[in-house]
Amino acid sequence: MKTADIRLVAVTEANRALVAALELAPEQMDFVASNADSLEEAETDEDARPRVIMAGDRIVGFLMYEAPRDDDEARIYRFMIDRASQGRDYGKAALREVLDEIQGLGHVSRVSICYEPENDAARNLYRSAGFVEEGLDEDGEMIADLVLAARTHDP
């Protein structure tokens, strides 16, 4: 499977249980909330935008972000690749896809993401995409920001 085959799709009743069944490696369990909790949260948070990460016709991960219309900042606050699909650059491809989707909204100029400071895989992934660490939040998570390139419009 090529990373070019990675795409994001909406969470539906048909794929919800499969998303909830995705797993992290045991040493990663403390790094991100469970997908079941995230899906529950998405039902009550009108700004939440949950996405299934697909590799071809296979579900390989999950992410969720918010990009309120009255804010120029989007926040990616869930991002995971199933343990069986890690190490294949799916995370890098999915991050590109979600950043493209966010930029396509038209009103966002900055994206932030939080992660556990000891999560080196996340740090390296986000750094490679251009995120810059800004410091720890009140919960002790690292905050990293990315300024999106201005969109050019064809005349």
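Residues numbered from 1 in each chain as written. Predicted model: local features only at pLDDT ≥ 70, side-chain atom pairs only at ≥ 80, totals over all residues. Heavy atoms only, no water.

Chemist: Even after reading the chapter, I still don't get the sheet that holds strand β7 (residues 142-147), so can you show me in this structure?
Modeler: In a beta sheet, neighbouring strands are held together by backbone hydrogen bonds and run either parallel or antiparallel to one another. On the basis of which strands lie adjacent, the open sheet formed by seven strands has the order β1-β2-β3-β4-β5-β7-β6 and mixed pairing. Either end of the sheet is taken by a strand with one partner, and the two such strands are β1 (6-10) and β6 (132-136). Strand-to-strand twist in this sheet, taken as the mean axis angle between neighbours without regard to direction, amounts to 30 degrees. Pairing geometry for β1 and strand β2 (residues 48-55), over five bridges, is antiparallel. Each bridged residue has a counterpart across the sheet, and for leucine 8 the counterpart in β2 is isoleucine 53. Across the sheet, helix α1 (residues 13-20) is in contact with β1, β2 and β3 (58-66); its angle to β3 comes to roughly 95 degrees. Sitting on the sheet, helix α2 (residues 35-44) is in contact with β2, β3 and β4 (73-81), with an inclination near 45 degrees to β3. (Pairing = 2+ DSSP bridges. Helix = DSSP H or I, 4+ residues; strand = E, 2+ residues; numbered from the N terminus. Axes fitted to C-alpha atoms, helices over the stretch in contact; angles between N-to-C directions. Contact = heavy atoms within 4.5 Å.)

Chemist: In this structure, what is going on with the packing of helix α3 (residues 90-104) against helix α4 (residues 120-128)? I would like to understand it.
Modeler: How two helices sit against one another is set out by the angle between their axes and by the gap between those axes. The interhelical angle for the contact between α3 and α4, taken along N-to-C directions, is 45 degrees, at an axis separation of 10 Å. Judged by the angle between their axes, α3 and α4 are oblique. When the axes of α3 and α4 are compared, the crossing they make is right-handed. When α3 is examined against α4, the residues Gly91, Lys92 and Leu95 are found in contact with a partner set consisting of Leu125, Tyr126 and Ser128. (Parallel < 35°, antiparallel > 145°, perpendicular 65-115°, else oblique. Left-handed = near helix turned anticlockwise from the far one by under 90°.)

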